[in-house]
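Structural overview for review
Residue-level listing of the chains:
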Amino acid sequence: MNLVLEKVQPNSALGKTASVDLFDASGMLLLQKGQLITEGIKVRLKKREVYILHNQRNVSFSEAQKVKTFPKDVYIKLVGSLWSIYHDAKLVKPEQIQKTVILVETILEELQTQKFYLDFNVIRLDMEKFKQHDYSTFVHVVNVALLTALTGIWMGYKENSLKYLTLGALLHDLGKLQIPREILNKPGSLTDEEFKIIRKHTFLGEKMLKNSRLSSSVLAMVREHHERWNGKGYPLGLYGKSIHINAQIVAVADVYEALTADRPYRKGLPPYHALEMIISWSGIDFNPKVVQAFRESLILYPENAIVTLNTGEVGVVVAVPTQMPTRPLVRILFDSNGRFLNRETYVDLLQELTRFIGRIEFKEDG
Ligand SMILES: [Fe+2]
């Protein structure tokens, strides 16, 4: 892909707000997407040449390399359905599980046909409007289920084994519905007593499911998703391979999702940072094989994504190293002063360790 500045008629680009970023001929940003266009601005823009950034494809990508974002409408329906099935559940009935299996099938249908870039921040932002329902647990489990299913597919899970894995991920935190919201959403650090209460959610979740006739692997995910590879998890302190493999997978997805989510007391970490932490805990908290599959299945920075570095430079991802997907090669388009660079300039984040990706924009390609 080549990104080029394309001249546009100011009239066509000027609505009430700018529908795209607008530049001058030198690549200087005149008006940011979404910014209000007042009469004064309109008059001034009409007097000058206005450009937009345009994708000019000169490489055709094969179907296999195409990356999509997970469809937002499907995602919102998933969270809504899950909420309506479980929000006041005490003891889960087989009918509720049957309804959840339909959601699992929806997820798997979407995931198996495409490679996905999961943009949780955009999705979470959309969920803000449902705050009154306290959707956070449901948003979390849907995110975890998507990550878990992707890892499972990467590890060769198929058909029923993949279904149970994804179902277990959707149900893994069910016990949290029994934990007082004041503790779950408490801003600031928890007391030892509050930690003790939160830790009961694995056991409470399993208890809620005792009448549901679920497969033992699903129950193991609910019970063991806070166990750790080194034996330092809870509730039982299981060690290594004595933890059910499905629980080992959901554990990685669970921690990654929690790290990237905003909490009442801190902002979520950027995906690259969360993934680097997960990698650093490989062999300590998590099974190295699971971490490797998680890392390889997760598309952190799709090729062609527009990214903003911590330096303020804006560029496009041109290549992603398999071994260190958090540090792609980026072609810089705009320097830190917002000036368009005509010559080809690359930043290799594998070499330049003080630079990192702060923000990402990924537009679906057709
Ligand atoms: Fe949990």
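Since this is a predicted model, take the numbers as computed values, not measurements.

Definitions and limits used
- Residues numbered from 1 in each chain as written.
- Predicted model: local features only at pLDDT ≥ 70, side-chain atom pairs only at ≥ 80, totals over all residues.
- Heavy atoms only, no water.
- Helix = DSSP H or I, 4+ residues; strand = E, 2+ residues; numbered from the N terminus.
- Buried < 20%, exposed > 50% of the residue type's maximum accessible area, 1.4 Å probe, protein only.
- Contact = heavy atoms within 4.5 Å.
- Salt bridge = Lys/Arg side-chain N within 4 Å of Asp/Glu carboxyl O.
- Pairing = 2+ DSSP bridges.
- Polar contact = N/O pair within 3.5 Å; in protein donor to acceptor, adjacent residues only side chain to side chain.
- Donors = N, O, S within 2.8 Å, 3.2 Å for Na, K, Ca; no water.
- pLDDT = per-residue confidence, 0-100.
- Axes fitted to C-alpha atoms, helices over the stretch in contact; angles between N-to-C directions.
- Parallel < 35°, antiparallel > 145°, perpendicular 65-115°, else oblique.
- Left-handed = near helix turned anticlockwise from the far one by under 90°.
- Nonpolar A, V, L, I, M, F, W, Y, C, P; charged D, E, K, R; others polar.

Next up on the list: the overall build of the chain. A tally of helices and strands in the chain yields 14 helices and 11 strands. The buried share among the 366 residues of the chain stands at 47%. Contacts in the chain between residues at least 24 apart in sequence constitute 63% of all its contacts with a sequence separation of at least 6.

A separate point is the pattern of salt bridges. The final tally for this structure, using the stated rule, is 10 salt bridges. R223 serves as the salt-bridge partner of E224, at 3.4 Å between the closest nitrogen and oxygen. Under the relative-accessibility criterion, R223 is labelled partly exposed at 26%. One network of salt bridges, in which partners are shared, links E206, R223 and E224.

Right, let's get into the pairing of strand β7 (residues 306-309). Within a regular beta strand, the side chains point alternately toward one face of the sheet and then the other, so they alternate between its two faces. Bridge analysis of β7 against strand β8 (residues 314-319) gives 3 bridges, and the strand direction is antiparallel. Bridge assignment links I306 to a residue of β8, and that residue is V316. Connecting β7 to the next strand, β8, in antiparallel fashion are 4 residues, including G312 with a positive phi near 95°. By the bridge criterion, 4 bridges tie β7 to strand β11 (residues 357-361) in an arrangement that is antiparallel. Bridge pairing in β11 places V307 opposite I360.

When we look at burial in helix α14 (residues 288-297), the residues that qualify are V290, V291, A293, F294, R295 and S297. Where α14 is buried, its residues contact α6 (136-154), α12 (245-260) and α13 (271-280). Near the N-terminus of α14, the side chain that reaches the backbone nitrogen of K289, with its oxygen 2.9 Å away, is that of N287.

Glancing now at the coordination of the iron ion. Coordination of the iron ion by the protein involves D173 (OD), H201 (NE2), H225 (NE2) and H226 (NE2), with metal-donor separations of 2.2 to 2.3 Å. In the primary sequence, the donor residues of the iron ion line up as D-x27-H-x23-H-H. As far as the burial class goes, H225 and H226 line up, both buried.

Now for unusual backbone geometry. With omega at 5°, the peptide bond leading from Y234 into P235 counts as cis. Positive phi is not limited to glycine here, since R213 has a value of about 55°.

Let's shift gears to the confidence of the model for the chain. Mean pLDDT over the chain stands at 84; residues scoring 70 or higher make up 86%. Here helix α5 (residues 120-127) stands out as the least confident element of the chain, with mean pLDDT 58; helix α11 (residues 216-224) is the most confident, with 97. Here residues 56-65 scores under 50 on pLDDT; set against residues more than four positions off or in separate chains, the count is 11 contacts.

Structurally, S217 can be placed in helix α11. Taking the relative accessible area as the measure of exposure, S217 reaches 12% and is therefore buried. Within polar-contact distance, the side chain of S217 engages the side chain of S215 at 3.0 Å.

Another aspect to go through is the packing of α11 against α12. Where α11 meets α12, the closest approach of the two axes is 8 Å, and the angle between their N-to-C directions is 45°. Classified by the angle their axes make, α11 and α12 are oblique. For the pair α11 and α12, the crossing hand works out as right-handed. For the pair α11 and α12, the contacting residues are S217, A220, M221 and E224 in the first and N246, A247 and V250 in the second. Classifying every residue of the contact of α11 with α12 gives 4 nonpolar, 2 polar and 1 charged.

The strand order across the open sheet formed by 5 strands is β10-β9-β8-β7-β11, and the pairing between neighbours is antiparallel. At either margin of the open sheet sits one strand with a lone partner, and together these are β10 (340-348) and β11. With direction set aside, neighbouring strand axes in the sheet form an average angle of 35°. As judged from the 5 bridges shared by strand β9 (residues 329-334) and β10, these two strands associate in the antiparallel manner. In the sheet register, L329 faces β10, and the bridge partner there is D348.

Another aspect to go through is the environment of D24. Looking at the secondary structure, you find D24 in the loop between β2 (22-23) and β3 (29-31). By relative accessible area, D24 is classed as buried at 13%. Considered as a pair, D24 and R339 are 315 residues apart in the sequence and their alpha carbons are 9.7 Å apart.

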